[in-house]
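Structural characterization, general
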Amino acid sequence: MARTRLIAALILTYVAFAMLLNSVGTVILQSISSFDVTKPQASTLEGFKDITIAVVSFVTASYLPRIGLKRALIGALILAVAGCLVMPLFGSFNVARLHFAMVGAAFAVAKVVVYSMIGLVTDSPRKHASLTSLIEGMFMVGVLSSYWVFSAFIDPTGLRWLNAYWVLGTITALALALLLTASVDEQHTQEGDEAAADEGPPFMAMLKLAALPLVLIFVACAFLFVLIEQGIQSWLPTFNNEVLHLPAQMSVQAASLFAACLAIGRFGAGAVMARFDWYPVLNVCLAILAALIILVLPLADGLAPGTIHNWRDAPVAAFLFPLIGIALAPIYPTIISVMLSAMPGRQHPPLMGLVVVFSALGGTTGSLITGQLFAHLDGRSAFTLMLVPIAILAGGLILLRRSIPTNNA
């Protein structure tokens with residue numbers, strides 16, 4: 001019962017942060033119209049979120065077992081609730097930047113804690129991978145829900161969309177309440193503290209891990225994945241609006257299809273990874289991803305603005321392009337689970353700290369590059385050029401396969 005309650009708290013926490021973090025695509029679209037900012041300016045919202053995640057994660061990740069994982073997560077959720085309140089109360093573009101910085105700081109702690117706690121409630125690599133896929137799948141459910149919550153509040157002429165943050169704040173507060181009633185045995189995360197104390201400041205554990213070739217390959221793969229995912233996810237509402245010419249509300253709703261496909265893919269990944277080796281599965285995913293980009297994006301050509309008023313008028317590309325989410329979905333949780341299963345429990349927080357840092361940098365890089373390409377080329381070209389990091393990621397998986405210990409492959 002105690003373990004079930006803790007798992008439920010972790011899942012709801014991840015759902016809450018999914019809704020908060022991945023509202024950035026919607027806020028980019030709405031900021032351009034509501035706050036009269038340019039696309040390059042709007043793209044900085046991703047940086048306020050992700051750079052904060054990277055900095056806070058690097059500074060705090062290795063300290064979290066000493067602070068207490070539960071105590072740290074409680075603090076993160078309180079900060080996230082405060083971040084929700086500032087948006088409807090003081091809404092402006094600068095407040096949106098502050099909001100994403102607050103949420104980013106909270107998530108930097110929350111992600112390390114959640115992934116570290118997975119090891120506390122599972123007792124085998126297979127169960128670890130299964131719960132990881134479940135939590136990441138629920139994360140995408142949160143992303144999907146975020147699009148629909150915001151679309152319900154979008155008003156073309158005002159700031160009514162900011163009221164969506166009252167809903168997000170309530171969900172975050174519920175996650176906090178559930179966590180407060182859960183018990184956590186953190187003994188395994190503190191094993192080896194005596195040896196670690198001789199190594200200097202706790203963040204040195206992250207730096208020493210980062211010097212290992214295997215870890216360098218791993219974090220590079222995480223960086224590339226998030227660059228691809230966030231580059232598409234953050235700009236998909238704008239792509240739908242400017243390239244496919246969907247109305248703003250439909251653009252946000254159509255972007256939710258991408259999140260839905262990611263959720264489906266991650267729920268399915270748990271069953272697939274229980275039966276097949278991870279390496280060929282991920283290569284098939286990358287091949288499908290590239291094929292969909294090459295085949296579907298040309299369908300966006302020749303669409304005229306002002307002709308789409310409902311879903312019956314929507315072009316086929318609006319329904320087919322989000323399918324890339326199914327191919328993307330298994331990659332991230334699988335490579336993380338493979339690495340965590342290969343590491344002792346006391347190294348999970350610093351390793352996840354590195355993951356969060358490089359994932360945040362990847363997300364910022366992806367959003368900024370895609371935003372610049374949107375501004376100077378066009379949306380179709382911006383998404384087509386995602387084939388470059390996809391090819392590099394395929395090479396990274398080859399190196400990761402060769403470097404991972406055989407018994408964890």
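On a predicted model such as this, the values are computed, not experimentally measured, just so you know.

**Focus: the overall build of the chain**
The helix and strand tally for the chain stands at 19 helices and 0 strands. Within the span of the chain, comprising 409 residues, buried residues form 56% of the whole. In the chain, the share of contacts with a sequence separation of at least 24, taken over all contacts with a separation of at least 6, comes to 85%. By element, 67% of the accessible surface of the chain is carried by carbon and sulfur atoms, the whole surface being about 15300 Å².

**Re the packing of helix 3 (residues 39–60) against helix 6 (residues 93–121)**
The interhelical angle for the contact between helix 3 and helix 6, taken along N-to-C directions, is 35 degrees, at an axis separation of 7 Å. Judged by the sense of rotation from one axis to the other, the crossing of helix 3 with helix 6 is right-handed. Contact residues: Gln41, Ala42, Thr44, Leu45, Phe48, Lys49, Thr52, Ile53, Val56, Ser57 and Thr60 in helix 3; Phe93, Ala96, Arg97, Phe100, Ala101, Gly104, Ala105, Phe107, Ala108, Val109 and Val112 in helix 6. Each residue belonging to the contact of helix 3 with helix 6 can be placed in one class, and the counts come to 14 nonpolar, 6 polar and 2 charged.

**Some remarks on the packing of aromatic side chains**
In total, this model carries 13 aromatic pairs according to the counting rule given. Taking the centre distance of 5.9 Å and the plane angle of 80 degrees together, the rings of tryptophan 278 and tyrosine 279 count as edge-to-face. On the accessibility criterion, tryptophan 278 (4% relative accessible area) is buried. Judged by centre distance (5.4 Å) and plane angle (10 degrees), the rings of phenylalanine 321 and phenylalanine 383 are stacked. Here the residue phenylalanine 321 occupies a position in the loop between helix 14 (317–320) and helix 15 (324–328), and phenylalanine 383 occupies one in helix 18 (residues 379–384), the gap between them amounting to 62 residues. Residue phenylalanine 321 is classed as buried on the basis of its relative accessible area of 2%. Of the aromatic side chains, those joined through ring pairs into one cluster are Tyr14, Phe17, Phe107, Tyr115 and Phe139.

**Thoughts on a nonpolar patch on the surface**
On the surface, a nonpolar cluster with roughly 450 Å² of combined accessible area is contributed by Ile51, Val55, Phe58, Val59, Leu207 and Leu361. Counting residues per element, the nonpolar patch draws most heavily on helix 3, which supplies 4 residues. Considering the arrangement of structural elements, one finds valine 55 in helix 3. Look at valine 55 and you get partly exposed, because its relative accessible area is 48%.

**Some details on helix 6**
With 29 residues, helix 6 should cover 42 Å at 1.5 Å per step; its first-to-last C-alpha distance of 41 Å lies within 8% of that length. Of all 29 residues making up helix 6, 25 are buried, and the element is well covered by its neighbours.

**Regarding empty space enclosed by the protein**
Here the structure, examined in full by the defined rule, presents 1 cavity of 30 Å³ or more. In terms of lining residues, the largest cavity is bounded by 21 residues, among which Phe107, Lys111, Phe139, Val226 and Gln230 are the most central. Every element with two or more residues in the lining of the largest cavity is listed here: helix 1 (2–21), helix 3, helix 6, helix 7 (125–153), helix 11 (213–242) and helix 17 (348–376). Looking at the lining of the largest cavity element by element, the count peaks at 5 residues for helix 11. For the lining of the largest cavity, the per-class residue count stands at 11 nonpolar, 4 polar and 6 charged.

Scoring rules and cut-offs
Residues numbered from 1 in each chain as written. Predicted model: local features only at pLDDT ≥ 70, side-chain atom pairs only at ≥ 80, totals over all residues. Heavy atoms only, no water. Helix = DSSP H or I, 4+ residues; strand = E, 2+ residues; numbered from the N terminus. Buried < 20%, exposed > 50% of the residue type's maximum accessible area, 1.4 Å probe, protein only. Contact = heavy atoms within 4.5 Å. Areas by Shrake-Rupley, 256 points an atom, 1.4 Å probe, with all protein chains shown as cover. Axes fitted to C-alpha atoms, helices over the stretch in contact; angles between N-to-C directions. Left-handed = near helix turned anticlockwise from the far one by under 90°. Nonpolar A, V, L, I, M, F, W, Y, C, P; charged D, E, K, R; others polar. Phe/Tyr/Trp six-rings, centres within 6.5 Å; stacked < 30°, edge-to-face > 60°. Patch = residues over 30% accessible without salt bridge, like charges linked within 9 Å, V, L, I, M, F, W, Y side chains within 5 Å. Salt bridge = Lys/Arg side-chain N within 4 Å of Asp/Glu carboxyl O. Expected span 1.5 Å × (residues − 1). 1 Å grid on protein atoms, 1.4 Å probe; cavity = no way out; pocket = protein on both sides within 12 Å on 5 of 7 lines; lining within 4 Å. Points joined across faces, edges and corners; volume = space filled by probe spheres on them.

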